[in-house]
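This is what each chain is made of:
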2 protein chains.
Amino acid sequence: MFQIAAYETFQDGQVIFEEGSSGDWVYEIDAGTIELSRNVGGQRVVVEVLQTGEVFGEMAFVAKIPRTATARAVGETTVGIMDRDYLDKELNKLTGSFRTLLKILVMRLKKATDNIVDAKVSP
Amino acid sequence: MFQIAAYETFQDGQVIFEEGSSGDWVYEIDAGTIELSRNVGGQRVVVEVLQTGEVFGEMAFVAKIPRTATARAVGETTVGIMDRDYLDKELNKLTGSFRTLLKILVMRLKKATDNIVDAKVSP
């Protein structure tokens, strides 16, 4: 459904992007599994496990913030990188206050994820 | 910062919108406090408490889904209803697949909230 610019295949355990890093590409899983995790004091806390057809990386893109989690391949996994010209054009159509609305959504999701991770670490 | 079409004042405990209902207006708190809650088997589970300047109602608007929580005034609270023509025009600028990306964000936030509510109900 999404315009894909390129495909890339990762082996089991390989990292697509690291929590805290500054990229903002958006990905769709073409075939395989992606684990999203946070690092909490050296402990890897899994936030979500995504399958073929699911999307990841959209939070950093929409809100222009560092990666909120590490994305890692579980088994051999091929991901499609969404066409960047298309995504940028769409985002640039929006005025500042609508983009703020979208950033609010992302920050709310980030905060909810923080809560879930905290609950997992300190039961 | 947002274009506000009208202001409305609610008394303590009054409901602005009900979980599961079909409205999709977006609100900014002009003065006061809003509690967002879910109803779980008759028990009111507070999801978030928002203050002056914060925004609510954006999930239903962006994803065109029923309200995911009940919004209730805590003390006398005035809310601004965001200008609907403006919001619709912005959303309509976007092509289908970008809107899908935004819907994915909202559904992820909904799922995260589900998890938090579940954890609060069954400790």
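Residues numbered from 1 in each chain as written. Chains lettered and ligands numbered in written order. Predicted model: local features only at pLDDT ≥ 70, side-chain atom pairs only at ≥ 80, totals over all residues. Heavy atoms only, no water.

### Things to note about the interface of chain B and chain A
So, step 1. Each partner contributes to the interface: chain B provides 34 residues, whereas chain A provides 34 residues.
So, step 2. Linking chain B with chain A are six salt bridges.
So, step 3. With a closest N to O distance of 3.9 Å, Glu 48 of chain A and Arg 108 of chain B form a salt bridge.
So, step 4. In this assembly, chain B and chain A are joined by 17 residue pairs in polar contact (both at pLDDT 80 or more). (Contact = heavy atoms within 4.5 Å. Salt bridge = Lys/Arg side-chain N within 4 Å of Asp/Glu carboxyl O. Polar contact = N/O pair within 3.5 Å; in protein donor to acceptor, adjacent residues only side chain to side chain.)

### A few points about the packing of aromatic side chains
So, step 1. Tallied over the full model, the rule gives eight aromatic pairs over all chains.
So, step 2. Centre to centre, the rings of Phe 17 of chain B and Phe 56 of chain B are 5.9 Å apart; their planes meet at 40 degrees, and the pair counts as tilted. Here the residue Phe 17 of chain B occupies a position in strand β2 (residues 15–17), and Phe 56 of chain B occupies one in strand β5 (residues 55–56), the gap between them amounting to 39 residues.
So, step 3. Since its relative accessible area comes to 10%, Phe 17 of chain B is described here as buried.
So, step 4. Among the aromatic side chains, those forming a connected cluster through ring pairs are Phe 17, Tyr 27 and Phe 56 of chain A. (Phe/Tyr/Trp six-rings, centres within 6.5 Å; stacked < 30°, edge-to-face > 60°. Helix = DSSP H or I, 4+ residues; strand = E, 2+ residues; numbered from the N terminus. Buried < 20%, exposed > 50% of the residue type's maximum accessible area, 1.4 Å probe, protein only.)

### A short note on the pattern of salt bridges
So, step 1. Applying the stated rule across the entire model yields 22 salt bridges over all chains.
So, step 2. A single network of salt bridges, built from pairs that share partners, joins Asp 24, Lys 64, Arg 84 and Asp 88 of chain A.

### Re helix α2 (residues 84–93) of chain B
So, step 1. Buried within α2 of chain B we find Arg 84, Tyr 86, Leu 87, Glu 90 and Leu 91 of chain B. Angular distribution of buried residues about the axis of α2 of chain B spans 160 degrees; they occupy a single face of the element. Residues of α2 of chain B that are exposed and point over 90 degrees away from its buried face: Asp 85, Lys 89 and Asn 92 of chain B.
So, step 2. The inward-facing, buried residues of α2 of chain B contact α2 (84–93) and α3 (96–121) of chain A together with α1 (58–63), β6 (70–82) and α3 (96–121) of chain B.
So, step 3. At the N-terminal end of α2 of chain B, a side-chain oxygen is found 2.9 Å from the backbone nitrogen of Tyr 86 of chain B, two or three residues along, and the residue is Asp 83 of chain B. (Arc of directions from axis to C-beta.)

### A word on the relation of the copies chain B and chain A
So, step 1. Between chain B and chain A, the superposition needs a rotation of 180 degrees and an axial shift of 0.0 Å, giving an RMSD of 0.0 Å. On this basis, the relationship between the two copies can be described by a two-fold rotation axis. Looking at the rotation axis and the C-alpha trace of chain B, the residue lying nearest is Leu 109 of chain B, at 2.5 Å.
So, step 2. The residues that chain B uses at the interface reappear at the interface of chain A in 100% of cases, marking a shared surface. (Least-squares fit on C-alpha atoms with pLDDT ≥ 70 in both.)

### Focus: unusual backbone geometry
So, step 1. Its identity is not glycine, yet Lys 64 of chain A carries a phi of approximately 55 degrees, on the positive side.
So, step 2. Note that Lys 64 of chain A resides in the loop between α1 (58–63) and β6 (70–82).

### Description of the confidence of the model for chain A
So, step 1. On average, chain A scores 95 in pLDDT, and the residues at 70 or more come to 99%.
So, step 2. This complex was scored by the predictor with a pTM of 0.93 and an ipTM of 0.92. (pLDDT = per-residue confidence, 0-100.)

### Digging into the side chain of Thr 113 of chain A
All names here are of chain A.
So, step 1. Along the chain, Thr 113 falls in helix α3.
So, step 2. Overall, Thr 113 belongs to the buried group, its relative accessible area being 11%.
So, step 3. Beyond its immediate stretch of four places on either side in the chain, Thr 113 contacts Arg 38 and Val 47.

### Observations concerning α3 of chain B
So, step 1. Across its 26 residues, α3 of chain B extends 37 Å between first and last C-alpha, which sits within 8% of the 38 Å expected from 1.5 Å per residue.
So, step 2. Those residues of α3 of chain B that sit buried are Ser 97, Phe 98, Leu 101, Leu 102, Leu 105, Val 106, Arg 108, Leu 109, Ala 112, Thr 113, Ile 116 and Val 117 of chain B. (Expected span 1.5 Å × (residues − 1).)

### Re the side chain of Glu 28 of chain A
So, step 1. Along the chain, Glu 28 of chain A falls in strand β3 (residues 27–40).
So, step 2. Buried within the structure, Glu 28 of chain A lacks any salt-bridge partner; its nearest side chain of opposite charge belongs to Arg 108 of chain B, at an N-O separation of 10 Å.
So, step 3. Discounting residues that sit within four places of it in the chain, Glu 28 of chain A has contacts with Phe 2, Ile 4, Gly 53, Glu 54, Val 55, Val 79, Gly 80 and Met 82 of chain A. (Lys, Arg positive; Asp, Glu negative; His and termini not counted.)

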